[in-house]
Amino acid sequence: MAVRNQEFLRGARDTLPLMLGALPFGMIYGAVAVASGLSPAAAVAMSAFVFAGSSQFIAVGLIASQTPPAIVVLTTLVVNLRHMLYSATLLPYLKHLHPAWRMALAFWLTDETFAVTVRRFQRGDGCRERHWYQFGSSVAMYLNWQLWSLVGLMLGNRIPQASDWGLDVAMPITFIGMIIPFVKTVPMMVCVLTAGAASLLTLGLPYKLGIIVSACAGIIAGLLAERSTKLAKGRATP
Amino acid sequence: MTASEFILISGMAAVTFGIRFFLFALADRIRMAPWLEASLRFIPPAVLTAIVFPAVLLPKGDWDLSASNPYLVSAGVAAAAGIVTRNLLATIAIGLGAFFIGRFWL
């Protein structure tokens, strides 16, 4: 029991910096949702039941430009496809859990919780209760997101120009902070630079498909770089 | 909430949860090829970078490579802060600080 509490609290604590980044981002979501013409109840329900910041943000942008709901749902699917890559990464650590646990952790899976949790899991201490760490991070992110998107809604109602403040900058800045700890090797550097370059070359693709295409390009480049460094090493030490 | 909003949110919630849960639901019934497993480590930085680049280089949907683009400048400041401090909270706080200084005071 003590271990569970400890893991839960550590998960929440390690998520605190990312909650700071989600603060302005949640607020801008709320403010933009008001400006898009979405009803307040619908904006709150989206945060509570979809719980996926960047796709919510993109969705209200599409709603503002009178996009048909089917296209908004399709875009949500594409933008969130990356979560399948995340769940593939976490699966080896969670597959022994009861389906109810897997369902709950899947519902709460975000970029932030994934980034924090994967580093905890990869430490490989074999702790049986480490899913409580992910649970702690999930609950912290969820409550934080509900709070700040609600504040953004109220702010957007009172101060309509709040949606032009540029609070959306919080997403790239938070993500930069999340990327840096991963970039420790040359293949990882190759991966990141390729994904970045590809994201600029695929801007023409509809429904934000460029994200998933660029990520795949980066992953392939990283794998190739890793293979070539291994081959070079193999030749140096026969 | 209107009926069309209800349908929209139900659809978004269903696809988002479906994506997040799909592999978790299969759990033990899938076995990954070794090359696929090796590629997993590259996923988080690749995905995040593919979101970040367009967001800071084309903040309003148009290219802006100038020093007067606060998104680009604060992203550069955040990256530098992250490399120097190796601290997530400092990276985010300094990056956001740089943005709001550039946006409102300069």
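Our subject is the structure listed above.
Residues numbered from 1 in each chain as written. Chains lettered and ligands numbered in written order. Predicted model: local features only at pLDDT ≥ 70, side-chain atom pairs only at ≥ 80, totals over all residues. Heavy atoms only, no water.

Caption draft 1: Spatial organisation of the side chain of Ser-199 of chain A. Looking at the secondary structure, you find Ser-199 of chain A in helix H10 (residues 186-201). What Ser-199 of chain A contacts, discounting residues up to four positions off in sequence, is Ser-214 of chain A together with Thr-49, Ala-50, Phe-53 and Pro-54 of chain B. (Helix = DSSP H or I, 4+ residues; strand = E, 2+ residues; numbered from the N terminus. Contact = heavy atoms within 4.5 Å.)

Caption draft 2: Highlighting the interface of chain B and chain A. With 64 residues of chain B at the contact, the number on the chain A side is 85 residues. Taking both partners together, chain B and chain A bury about 6,500 Å²; carbon and sulfur atoms supply 81% of that area. Its largest share of buried area at the contact with chain A, chain B owes to Arg-20, Phe-24 and Phe-42 of chain B, together 13% of the area lost on that side. For Arg-41 of chain B, the salt bridge goes to Glu-226 of chain A, with nearest N and O atoms at 2.8 Å. Put simply, chain B and chain A have ten residue pairs in polar contact (both at pLDDT 80 or more) between them. Listing elements by their share of the side of chain B that touches chain A, those giving two or more residues are helix H1 (3-26), helix H2 (34-39), helix H3 (43-57), helix H4 (70-85) and helix H5 (88-105) of chain B. In terms of residues, the side of chain B that touches chain A owes the most to one element, H1 of chain B, which gives 16 residues. (Buried area = accessible area lost by both parts, 1.4 Å probe. Salt bridge = Lys/Arg side-chain N within 4 Å of Asp/Glu carboxyl O. Polar contact = N/O pair within 3.5 Å; in protein donor to acceptor, adjacent residues only side chain to side chain.)

Caption draft 3: Highlighting the state of the cysteines. Residue and element names in this part refer to chain A. All told, the structure shown has zero disulfides over all chains when counted by the stated rule. Between Cys-191, a free cysteine, and Cys-216, which holds the nearest cysteine sulfur, the sulfur-to-sulfur gap is 11 Å. With a relative accessible area of 0%, Cys-191 lands in the buried category. By relative accessible area, which is 39% here, Cys-216 ends up partly exposed. (Disulfide = S-S within 2.5 Å. Buried < 20%, exposed > 50% of the residue type's maximum accessible area, 1.4 Å probe, protein only.)

Caption draft 4: Structural view of the layout of surface pockets. By volume, the largest pocket is sized at about 980 Å³. Along the walls of the largest pocket sit 34 residues, with Phe-57, Ile-58 and Lys-208 of chain A together with Leu-58 and Pro-59 of chain B positioned nearest its centre. Residue assignment for the lining of the largest pocket shows that the elements contributing at least two residues are helix H1 (2-36), helix H3 (53-64), helix H9 (170-179) and helix H11 (210-236) of chain A together with H3 of chain B. Per-element tally for the lining of the largest pocket: the top contributor is H3 of chain A, with five residues. Among the residues making up the lining of the largest pocket, the classes are represented as 22 nonpolar, eight polar and four charged. (1 Å grid on protein atoms, 1.4 Å probe; cavity = no way out; pocket = protein on both sides within 12 Å on 5 of 7 lines; lining within 4 Å. Points joined across faces, edges and corners; volume = space filled by probe spheres on them. Nonpolar A, V, L, I, M, F, W, Y, C, P; charged D, E, K, R; others polar.)

Caption draft 5: The pattern of salt bridges, seen in detail. Residue and element names in this part refer to chain A. Inspection of the entire model under this criterion finds six salt bridges over all chains. Here Asp-125 and Arg-120 are joined by a salt bridge, their closest N and O atoms 3.2 Å apart. By relative accessible area, Asp-125 is classed as partly exposed at 46%. Connected via shared salt-bridge partners are Glu-7, Arg-120 and Asp-125.

Caption draft 6: A look at empty space enclosed by the protein. Residues and elements named next belong to chain A. Enumeration according to the criterion identifies two cavities of 30 Å³ or more in this entry. In this structure, the largest cavity occupies an estimated 190 Å³ of space. The wall of the largest cavity is formed by 19 residues, among which Phe-25, Gly-53, Ser-54, Asp-111 and Glu-112 lie closest to the centre. Those elements that place two or more of their residues in the lining of the largest cavity are H1, H3, helix H5 (82-94), helix H7 (111-121), helix H8 (131-158) and H9.

Caption draft 7: Region of interest: the packing of H5 of chain A against H7 of chain A. Residues and elements named next belong to chain A. For the pair H5 and H7, interaxial distance at closest approach is 11 Å and the crossing angle is 30°. Regarding the angle of H5 to H7, the classification is roughly parallel. For H5 against H7, the interelement crossing comes out left-handed. Contacts from Arg-82, His-83, Tyr-86, Thr-89, Leu-90, Tyr-93 and Leu-94 in H5 reach Asp-111, Phe-114, Thr-117, Val-118 and Phe-121 in H7. (Axes fitted to C-alpha atoms, helices over the stretch in contact; angles between N-to-C directions. Parallel < 35°, antiparallel > 145°, perpendicular 65-115°, else oblique. Left-handed = near helix turned anticlockwise from the far one by under 90°.)

Caption draft 8: Geometry of a nonpolar patch on the surface. Taken together, the side chains of Leu-74, Leu-77, Leu-205, Tyr-207, Leu-209 and Val-213 of chain A define a hydrophobic patch exposed on the protein surface, amounting to about 420 Å² of accessible area. With respect to the helices and strands, Tyr-207 of chain A occurs in the loop between H10 and H11. (Patch = residues over 30% accessible without salt bridge, like charges linked within 9 Å, V, L, I, M, F, W, Y side chains within 5 Å. Areas by Shrake-Rupley, 256 points an atom, 1.4 Å probe, with all protein chains shown as cover.)

Caption draft 9: Inspection of the packing of aromatic side chains at higher detail. Applying the stated criterion across every chain, the model contains 18 aromatic pairs over all chains. Here the aromatic rings of Tyr-86 of chain A and Phe-114 of chain A are separated by 4.2 Å at their centres, their planes lie at 10°, and the arrangement is stacked. Taken as a pair, Tyr-86 of chain A in helix H5 and Phe-114 of chain A in helix H7 lie far apart in primary sequence, 28 residues in all. Across this residue pair, the class does not change: Tyr-86 of chain A and Phe-114 of chain A are buried. The structure contains a cluster of three or more aromatic residues connected by ring pairs, namely Phe-8, Phe-51, Trp-101, Phe-107, Trp-108, Trp-132, Phe-135 and Tyr-142 of chain A. It is Arg-130 of chain A that lies over the ring of Phe-121 of chain A; its NZ or CZ is 5.6 Å from the centre. Sitting above the plane of the Phe-42 of chain B ring, Arg-41 of chain B keeps its charged end 5.1 Å from the centroid. (Phe/Tyr/Trp six-rings, centres within 6.5 Å; stacked < 30°, edge-to-face > 60°. Lys NZ or Arg CZ within 6 Å of the ring centre and 35° of its normal.)

Caption draft 10: Highlighting the nonpolar core. Among the nonpolar cores identified, the biggest contains 88 residues, and Leu-38, Met-46 and Leu-90 of chain A together with Met-12 of chain B are the most heavily contacted of them. The element contributing the most residues to this core is H1 of chain A, with ten residues. Dropping the residues within four chain positions of it, Met-46 of chain A is found in contact with Tyr-29, Leu-38, Phe-51, Gln-56 and Ile-63 of chain A together with Leu-8, Ile-9 and Met-12 of chain B. (Core = buried A, V, L, I, M, F, W, Y, C linked by side-chain atoms within 4.5 Å.)

Caption draft 11: H3 of chain B, seen in detail. The end-to-end C-alpha distance of H3 of chain B, which contains 15 residues, comes to 22 Å, matching closely the 21 Å that a straight helix rising 1.5 Å per residue would cover. Of all 15 residues in H3 of chain B, 13 are buried; the element is thus mostly enclosed. (Expected span 1.5 Å × (residues − 1).)

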